[in-house]
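# Descriptive analysis of the structure
In case you want the letters, here they are:
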Amino acid sequence: LLLWFSFSLSFGYLFAIMSVRRRRMVGSEKEKDIRKAATQDPPNREGLEKFAFENGGFMGRKCRAEAWSALLGIKRPINNITINSIENAQNAYSSQIKLDIDRSLWHVEDEKERLAKRAIVERLINNVFYKYPELHYYQGFHDVVSALYLELDDEQMVFNMLCRLCQCHLRAFMQPSLDSCKPLLALVMVLLQIKDKELHKQLSSSGITGEFFVSWVLTWFTHTFTTQCDIARILDVCISSHPYFIAYLSATLLIENREVLLSVEAEMAAVYSRLSKVSLHDIEDVLGKSQKFCKKYPPRYVLNHRFCGAYKKDLLNSKEL
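Now for a description of the structure that goes with this document. (Residues numbered from 1 in each chain as written. Predicted model: local features only at pLDDT ≥ 70, side-chain atom pairs only at ≥ 80, totals over all residues. Heavy atoms only, no water.)

## As for helix α5 (residues 111-131)
The end-to-end C-alpha separation of α5 is 30 Å, in line with the 30 Å expected for 21 residues at 1.5 Å each. On the buried face of α5, the contacting elements are α4 (94-102), α6 (141-152) and α7 (155-165). Where α5 starts, the residue carrying a side-chain oxygen 3.3 Å from the main-chain nitrogen of Lys112 turns out to be Asp110. (Helix = DSSP H or I, 4+ residues; strand = E, 2+ residues; numbered from the N terminus. Expected span 1.5 Å × (residues − 1). Contact = heavy atoms within 4.5 Å. Polar contact = N/O pair within 3.5 Å; in protein donor to acceptor, adjacent residues only side chain to side chain.)

## Points about the pattern of salt bridges
This structure, assessed with the given rule, holds 18 salt bridges. Between Glu29 and Lys32 there is a salt bridge, with its nearest N and O atoms 3.9 Å apart. Residue Glu29 and its partner Lys32 are located together in helix α1 (residues 2-39), separated by 3 residues, close to a single helical turn. When its relative accessible area of 51% is taken as the criterion, Lys32 is described as exposed. In this structure, Asp179 engages Lys182 in a salt bridge whose closest nitrogen and oxygen atoms are separated by 3.7 Å. On the accessibility criterion, Asp179 (46% relative accessible area) is partly exposed. Residue class for Lys182 comes out partly exposed when judged on its relative accessible area of 33%. Taken together, the shared-partner salt bridges in this structure form one network comprising Arg64, Glu151, Arg233, Asp236 and Glu284. (Salt bridge = Lys/Arg side-chain N within 4 Å of Asp/Glu carboxyl O. Buried < 20%, exposed > 50% of the residue type's maximum accessible area, 1.4 Å probe, protein only.)

## Considering the packing of aromatic side chains
Per the counting criterion, the structure on display carries 15 aromatic pairs. Judged by centre distance (5.8 Å) and plane angle (85 degrees), the rings of Tyr138 and Phe173 are edge-to-face. With Tyr138 in the loop between α5 and α6 and Phe173 in the loop between α7 and α8 (182-195), this residue pair connects regions lying 35 residues apart in the sequence. Overall, the relative accessible area of 2% leaves Phe173 in the buried class. One aromatic cluster is present, built from ring pairs that chain together Tyr93, Phe129, Tyr137, Tyr138, Phe141 and Phe173. (Phe/Tyr/Trp six-rings, centres within 6.5 Å; stacked < 30°, edge-to-face > 60°.)

## What about the nonpolar core?
Residues Phe141, Phe173 and Leu254 are the most contacted members of the largest nonpolar core, which totals 98 residues. In contact with Phe173, not counting residues within four places along its chain, are His136, Tyr138, Leu178, Cys181, Leu184, Val217, Leu218 and Trp220. (Core = buried A, V, L, I, M, F, W, Y, C linked by side-chain atoms within 4.5 Å.)

Encoded structure:
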C-alpha cells in the first residue's frame with residue numbers, strides 16, 4: 001500500500017510538470033503566431049482578432065505591445081511623437097485632469113510608485129489634448145490611460161497608441177457633448193431587448209436607460225473592475241473589435257447577472273444598486289459570448305431590427321453603424 005501511495009504521488013508530480021511544460025510550449029507557439037500576425041505588412045488583422053478572443057488573449061506585455069500597435073496602425077519602426085512636460089502641455093482641461101489623476105491609482109500600494117505613475121499618466125493625458133485641441137476631455141479617460149500604462153509600462157508607446165485611439169475607438173466620447181455617445185448607450189438597451197426581453201423589461205420598468213451604463217462604456221470597464229489581468233483582456237478585445245463592441249460586452253455582462261437583477265423589485269434604486277455590483281464571473285466566457293453576439297447581430301443589422309423602436313432615433317445619429 002505504501003509503495004502504491006508513493007507511486008501515485010510520483011506519477012501525479014510528473015503529470016503536473018508535464019502539464020506545465022505543455023502549457024508553456026502552447027503559450028510559446030501562440031506568442032510566435034501573434035508576433036507573426038502583428039509584424040506582417042499589412043498586419044493580419046483577422047488573425048489578431050482571433051487571438052484576442054482566445055483564452056489569455058495576447059498573452060503578456062511584449063505580445064500586447066506588438067498586437068495593439070499593429071491593430072492601431074502604428075507601423076514599425078515607430079516614429080515617436082514628442083511628449084512635452086506637463087508645464088509645456090497645458091490645455092483647457094489641465095486642472096480637471098489633475099483632479100481626476102489625484103483620485104486615481106490607489107491600488108498601487110507603494111506611495112512613491114503611485115505618485116510616479118500618476119505623474120506619467122497626467123503627462124500623457126495633457127499631451128493628448130495639447131496635440132489635439134479640438135478634442136474634449138471626459139471623466140473616465142484617465143482610467144483608460146492608466147490601464148494602458150499599467151499594462152505596457154512604456155510612456156512613449158502608450159502615447160503613440162492614445163494618438164490613434166482618440167481618433168478612432170474613443171473619438172465619439174471626446175466631442176463637445178456626450179450626446180455623441182447616445183447611439184452607443186441606446187445600442188446596449190436594443191441588444192438587451194433582442195437577447196433577453198424579460199431582463200430588458202425589468203430594467204425599463206425600473207427607469208433604467210442606456211445612460212446608466214455610461215461609466216462602463218466610456219472607460220471600457222477600467223473604472224468598474226480592478227484586476228489588471230481582466231482589464232488587459234477587455235483591452236485586447238476592444239482594441240481589436242468594432243468601436244461599438246463595448247455595447248455587446250455591456251449587454252452580455254447584464255445577461256450574465258440576470259438572476260441578481262431580476263431578484264429585486266422593479267424600482268430604480270434597487271436595480272441600480274445591483275447594477276453597481278455586477279460580477280464578471282468567467283472573463284473568457286463573457287468575452288466569447290460577446291463576440292458571438294456581435295457576429296450574430298452586427299451594428300448595421302441592429303439598426304434595421306424591429307426591436308429598435310424608441311431607440312431608433314438615437315441609433316440613426318451614429319456614424320459608426
